[in-house]
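# Summary of the model geometry
Listed below, chain by chain, are the residues.
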Amino acid sequence: MAHETILSRFGALMSERTGSAVRFEVLGALRASREGSALKLGSLQQRVVLGVLLLHANRSVGREQVIEAVWGSAAPAYAVNLLQKHVSGLRRALDPARAEGASQLLAWTDGGYLLTVAAGDLDLDVFDRELAVARAARAATDLSAAAEALRTALGLWRGPAFEGLVSPLLDAQREWLAERWIGAVEDRIDVDLALGRANPADLVTELRHLIADHPVRERLRLLLMLALYRSNRQAEALAAFQDARTYLREDLGIEPAEPLQRLHQQILATDPSLAAPTAAVAPVAVAPVAVAPVAAAPVVVPSHIDRWQPAPAQLPHSLPYFTGRDAETARLHELATVSGGAGDADSVMIVAITGPAGIGKTALAVHWAHQVSDRFPDGQLYMNLRGFDPSGSAMETGDAMRDFLEALGVPAERVPTSLNGQSALYRSVLAGRRVLVVLDNARDADHVRPLLPGAPGSLVVVTSRNQLSSLVAADGAHPLVLDLLSTAEARELLARRLGLDRVTAEPRATDDIITSCARLPLALAIVAARAATRPDFALAVQATELRKTSGGLDAFDGEDPTTNARVVFSWSYQQLSEDAAGLFRLLGLHPAPDLAARGAASLAGVPIERLRPALAELTRTHLVTERAPDRFAVHDLLRAYAAEQAYRLDTDSHRQAAISRMFGYYLHTAYAATRLLDPHRDPITIEPIQPGTSHTPLATGVDALAWFIAEHTALLAVLEAAKAGFDAYVWQLAWTLVTFHDRQGLWHDSTAVQRAGLEAAERLGDRLGQAVTSRSLARACAHLGRHDEAHRYLRHALYLFGELGHLTGQADTHFTLARLAHRQGRNDEALGHARRALDLYTAADNPTGQAAALNAVGWFHVVLGDPDQALTHCRRALALHRGLRDRTGTASTLDSVGYAHHHLGHYDEAITCYEEAIELWRDLGDRYNEADTLTHLGDTHHAANRREDGLRAWQRALTILEELGHADAEQVRSKLNTPDDPACAAAQGLGLVNTIQPC
């Protein structure tokens, strides 16, 4: 927006100023001018001082505060002299017509330096007020006025704020203002799209540039998708989502936020609500706005208040052993630097420290408050509001208010009777003061709102087990959510409490204690206190005692309500509604660290829509954490407490029904997922689904793979829990995991899971279950090089399938025996098993099995030196697989066809087959087979004297195999080490294992 436009918006205000007024600009390089003429502001450091004073414009700022803001911890010994010199230089530059000590613009007062800036003469003030106009206009649905205000504000922006100036305060402000600028840009684009005035295609170009500079801002990506969609570029809009998802996954390890995912679904569905406005909204005719400063009523502090009363210093003592929280403390220091109105001239800085019980919220708040108390010369107020007191008697806000007013010197007889009157007096007393207010253990936002100062200068720290979302949304609080201590921080806590020598002398016991305490500060403090009172006992004794509690809470009784984990947790639990409390108890029955919302719905036996309010309540109170959209975690010790309550308050039948539904959720969703991953796999009959059981809807193999990845840890934990009387679920869950484990190369997990499945099937006397899991266990053992063990399980499986007359099962087992024999170099025997498998698949009328067996027969012909015969069998197999749309079988057979062409010297044909197979493996998420075919591709490139291409293929294969921990990695590594050794290459060429996919 042109400078003249800005002046027109503030015409009335500007006309009131005298001709000698100085206009300041900080939204870019610092500049000052009088009547259009630029002023010379002196040296670089002198301009830094001016920048700091401008951030405190119209408010006195102490000399020490300016020194800290300009130099921080690097202040020179003569900083006071330097500051005085710079201030003198600024007076001459800003007010040359006046004497040194009589400047009206920059003066010394009892409170410190005071730089007077007329309303509208600082571009940052204009920027703030225009954004406020835009917010108000949007709230009133006047988008035209909002657009005009946003463009005016953004027109003031010339580059990074205070460009070229360096100081602790200015650096922090520069980053904060950059956030406000990009937020305003997003708002302006959002309004432009809503009005339909701007060409969406033009916005696309702008948004792509913005995303390049701000790749983590999901709102920019959302706006880009919408602009593309409204430009009739639906495919590009969907591609933009995939770009965002890839970036967030690979660089940050997170999924896109819910708004981005919701827009993606709307675009897929061609949601009519996304259509551009049918006609541009006509601008609203608005008379020129003269924005003048609001004439606030003068604050009259009653004369009876003793200004000379000592400043309150109510902070409780800090913990002598406070440990860790470096990142959180740095964030608090950053916010304190811009507090007192330096960051926002119209508001009080509020910090909301939230987290579950025992996480250390009060410890952090008090410890940090002591560190910065000297920045608040007018005092520090502290109040424990008892928001989660077990008796339910939280401190009334009015009681806290009266205590604060008394501490501030207001006689009791002068305190108004109404809470509104008390709050008004409280704000009046604090106006113009710098006070640190710590409101500890708040119940919710309403509990603290009357206790918030009204004028900038003070800083408020609120702690709560509630998320305080309302305080963040409506009052601009800065959220700081505490998580568990890191392992290093937990170890440091124990070292400070018990002595470094004692902890380093028993590192294993120390780690065991940290694990048992689940890195919860309260639990660590209780255990450390107990160990400190028994200095002659080894820490291993304490660790053993903790293990004996089997994850319960008996070991965390500090003999005082505030240091008893069970009691502390109960204070949060007792505040819950009936529905939320019931859900919390059931979550204690879930054996894994986290679960999906639909898994929780199955536990509760209610539809997901009915469950959401209870989940939201548990999240607000930090009894559960939403770590990803619709994925919830419960801290280990909280889960132990929840389980205690479930066994104390719920009936056996209620708990057993919930557990059955939970097992059913995992079994039925996993079964559907594995059928999507491998639709041609011979199915099994699984346990019927129980009423009230939810399931996650999956549409594609990609969905199935993503679900398995997200739920893998939970599936292993659930399978382990099912051993206690749910054996059918155990072996059937084991069956559902086979394909996923194979494709991800998780054979150690597969061995453990299939062994558990076999034992469960044996306890049931289920012969089919024993046969299926024996074969799956053998395959996992073979991948791990346990050939004798694999052979024993395969013979057992073959016997059981024969007893059952199960032709496909026998064929599958011969197929796996063929692979095992090949791994052991017995290729004639392998060919015999493959032919037997082909006969059995044919007798069972199983075309998928026939195709796989034909491929295997062809492969072994190559290995035995007959590639021509191999091509005949493999081409028949490929035609069958393609006709069945079996992508897994197609990829495997393409690898075999390529291998045959390689041995016939048809290198180009081999490379074509390998590359197609690799693409299929990658789409299927089958990492081991992708690596195997990459190895063959490297062999062929090397044989064709394309050595660089060969090395690249081998390196890609090695990377995957090393990540999988597979023994084949050593063979590929030897190729990279000796790529030019013909004898080595020839020997390894026939020794590599081709993956022949089982049905």
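Residues numbered from 1 in each chain as written. Predicted model: local features only at pLDDT ≥ 70, side-chain atom pairs only at ≥ 80, totals over all residues. Heavy atoms only, no water.

Here the focus is the overall build of the protein chain. Scanning the protein chain for helices and strands turns up 44 helices and 13 strands. Relative to its 999 residues, the protein chain shows a buried fraction of 53%. Considering only contacts in the protein chain between residues 6 or more positions apart, those separated by 24 or more positions represent 69%. Carbon and sulfur atoms form 52% of the exposed surface of the protein chain, whose accessible area is close to 42400 Å². (Helix = DSSP H or I, 4+ residues; strand = E, 2+ residues; numbered from the N terminus. Buried < 20%, exposed > 50% of the residue type's maximum accessible area, 1.4 Å probe, protein only. Contact = heavy atoms within 4.5 Å. Areas by Shrake-Rupley, 256 points an atom, 1.4 Å probe, with all protein chains shown as cover.)

We now examine a nonpolar patch on the surface. Side chains of Val216, Leu252 and Ile254 sit close together on the surface and give an oily, nonpolar patch of about 240 Å² of accessible area. By secondary structure assignment, the location of Leu252 is in helix H11 (residues 234-252). Classification of Leu252 by relative accessible area gives partly exposed; the value is 42%. (Patch = residues over 30% accessible without salt bridge, like charges linked within 9 Å, V, L, I, M, F, W, Y side chains within 5 Å. Salt bridge = Lys/Arg side-chain N within 4 Å of Asp/Glu carboxyl O.)

Next up on the list: unusual backbone geometry. Negative phi is the rule for most residues except glycine; trans is the rule for most peptide bonds. Residue Phe162 is not a glycine yet carries a positive backbone phi of 55°. Within the chain, Arg519 stands out as a residue other than glycine whose phi angle is a positive 60°. The residue Arg519 is located in the loop between helix H21 (507-517) and helix H22 (521-532) in this model. Arg519 gets classed as partly exposed once you look at its relative accessible area, which sits at 30%.

This part is about the sheet that holds strand S8 (residues 436-442). Each strand in a sheet pairs with its neighbour through backbone hydrogen bonds, running either in the same direction (parallel) or in the opposite one (antiparallel). One open sheet holds the 5 strands; their spatial order is S7-S8-S9-S6-S10, and the pairing between them is parallel. Taken across any chain shown, the strands that pair with only one partner, and hence form the sheet edges, are strand S7 (380-384) and strand S10 (478-481). With direction set aside, neighbouring strand axes in the sheet form an average angle of 15°. Sitting on the sheet, helix H13 (residues 326-337) touches strand S6 (349-354), strand S9 (459-464) and S10, and the angle it makes with S10 is about 165°. Across the sheet, helix H15 (residues 397-407) lies against S7 and S8, angled at about 155° from S7, the strand it touches most. (Pairing = 2+ DSSP bridges. Axes fitted to C-alpha atoms, helices over the stretch in contact; angles between N-to-C directions.)

In the contact formed by helix H30 (residues 701-722) and helix H31 (residues 727-744), the axes pass within 10 Å of each other and the chain directions differ by 145°. Seen from above, H30 lies across H31 with left-handed handedness. Residues Leu705, Phe708, Ile709, His712, Leu715, Val718, Leu719 and Ala722 of H30 touch H31, and the partners they reach there are Asp727, Tyr729, Val730, Leu733, Ala734, Thr736, Leu737, Phe740, His741 and Gln744. Its residues assigned to classes, the contact of H30 with H31 comprises 13 nonpolar, 4 polar and 1 charged. (Left-handed = near helix turned anticlockwise from the far one by under 90°. Nonpolar A, V, L, I, M, F, W, Y, C, P; charged D, E, K, R; others polar.)

Here we come to the pairing of strand S1 (residues 22-25). On S1, burial covers both faces: Val22 and Phe24 on one face and Arg23 and Glu25 on the other are all buried. Pairing analysis gives 4 bridges linking S1 to strand S2 (residues 31-34), with the strands arranged antiparallel. Across the sheet, residue Phe24 finds its bridge partner in S2, namely Ala32.

Moving on, we come to the nonpolar core. Of all hydrophobic cores here, the largest spans 125 residues; its most connected members are Ile353, Leu436, Phe584, Leu587, Leu618, Tyr666 and Phe708. At 11 residues, helix H29 (residues 652-677) tops the list of elements feeding residues into this core. In this structure, Phe584 is in contact with Tyr573, Leu576, Leu618, Leu623, Leu638, Tyr641 and Ala642, ignoring residues within four places of it in sequence. Grouped together as the second largest cluster of nonpolar side chains are 80 residues, Leu41, Val52, Val70 and Leu260 included. (Core = buried A, V, L, I, M, F, W, Y, C linked by side-chain atoms within 4.5 Å.)

Moving on, we come to the sheet that holds strand S3 (residues 37-38). Taking strand neighbours across the sheet as the criterion, the 3 strands line up as S1-S2-S3 in an open arrangement whose pairing is antiparallel. Pairing within the sheet leaves two strands with one partner each, and these edge strands are S1 and S3.

So, about the environment of Ala580. Structurally, Ala580 is set in helix H25 (residues 578-587). As a C-alpha pair, Ala580 and Pro613 span 33 residues in sequence and 8.0 Å in three-dimensional space. Each residue touching Ala580, except ones within four places of it in the same chain, is listed here: Ala614, Glu617 and Leu618.

Moving on, we come to the packing of aromatic side chains. One pass over the structure, following the stated rule, counts 15 aromatic pairs. Ring geometry for Tyr665 against Tyr666: centres 4.9 Å apart, planes inclined by 70°, an arrangement best described as edge-to-face. Looking at Tyr666, the relative accessible area reads 0%, which means it is buried. An aromatic cluster is built from Phe127, Trp157 and Trp181, whose rings are joined through pairwise contacts. Lying over the aromatic face of Trp735, Arg681 brings its terminal NZ or CZ to 3.8 Å of the ring centre. The cationic tip of Arg792 hangs over the ring face of Tyr793; the distance from NZ or CZ to the ring centre is 5.5 Å. (Phe/Tyr/Trp six-rings, centres within 6.5 Å; stacked < 30°, edge-to-face > 60°. Lys NZ or Arg CZ within 6 Å of the ring centre and 35° of its normal.)

The N-to-C vectors of helix H3 (residues 44-55) and helix H8 (residues 168-195) enclose an angle of 60°; their axes lie 9 Å apart at closest approach. In terms of axis orientation, H3 runs oblique to H8. The handedness of the crossing between H3 and H8 is left-handed. Of H8, the residues touching H3 (which contributes Val48, Gly51, Val52 and Leu55) are Leu169, Leu170 and Gln173. Among the residues forming the contact of H3 with H8, the class breakdown is 5 nonpolar, 2 polar and no charged. (Parallel < 35°, antiparallel > 145°, perpendicular 65-115°, else oblique.)

Another point: the side chain of Asp192. Its location among the elements puts Asp192 in helix H8. Apart from residues lying up to four places away in sequence, Asp192 is in contact with Arg151, Arg197, Ala198 and Leu203.

Okay, the pattern of salt bridges next. Under the defined criterion, the tally for this structure stands at 49 salt bridges. For Asp171, the salt bridge identified is with Arg174, shortest N-O distance 2.9 Å. With a gap of 3 residues between them, Asp171 and Arg174 both fall in helix H8, about one helical turn apart. Judged by its relative accessible area of 27%, Asp171 is partly exposed. Here Glu236 and Arg208 are joined by a salt bridge, their closest N and O atoms 3.4 Å apart. One end of the pair, Glu236, is in helix H11; the other, Arg208, is in helix H9 (residues 200-213), and 28 residues separate them in sequence. Several salt bridges converge on common partners, so that one network encompasses Arg138, Glu179, Glu186, Asp187, Asp190, Arg217 and Arg219.

With that settled, the discussion passes to the environment of Leu405. Among the secondary structure elements, Leu405 is positioned in helix H15. Judged by relative accessible area, Leu405 falls into the buried class, the value being 0%. For Leu405 and Gln422, which are 17 residues apart along the polypeptide, the C-alpha to C-alpha distance reads 8.3 Å. Here Leu405 is in contact with Val410, Val415, Gln422, Leu425 and Tyr426, once residues within four sequence places are set aside.

The next subject is helix H23 (residues 539-548). Taken as a whole, H23 has its buried residues at Leu539, Gln542, Ala543 and Leu546. Around the axis of H23, the buried residues are gathered within 100° of arc, so they sit on the same side. Where H23 is buried, its residues touch helix H19 (487-498), helix H20 (500-505), H21 and H22. (Arc of directions from axis to C-beta.)

Take the pairing of S6 next. The side chains of a regular strand alternate, first on one face of the sheet and then on the other. Here S6 lies mainly inside the structure; 6 of its 6 residues are buried. Along S6, one buried face is formed by Met349, Val351 and Ile353 and the opposite face, lined by Ile350, Ala352 and Thr354, is buried too. In this structure, S6 lies alongside S10, joined through 4 bridges in parallel fashion. If you follow Ala352 over to S10, its bridge partner there is Pro479.

This part covers the confidence of the model for the protein chain. Any residue range with low pLDDT should be treated as having predicted coordinates unsuitable for detailed reading. Scored by pLDDT, the protein chain comes out at a mean of 83, with 88% of its residues at no less than 70. Taken as a whole, residues 1-19 scores under 50 in pLDDT and shows 37 contacts with residues more than four places along the chain or in a different chain. In the model, residues 279-308 has pLDDT below 50 throughout and makes 39 contacts with residues more than four positions away in sequence or in other chains. (pLDDT = per-residue confidence, 0-100.)

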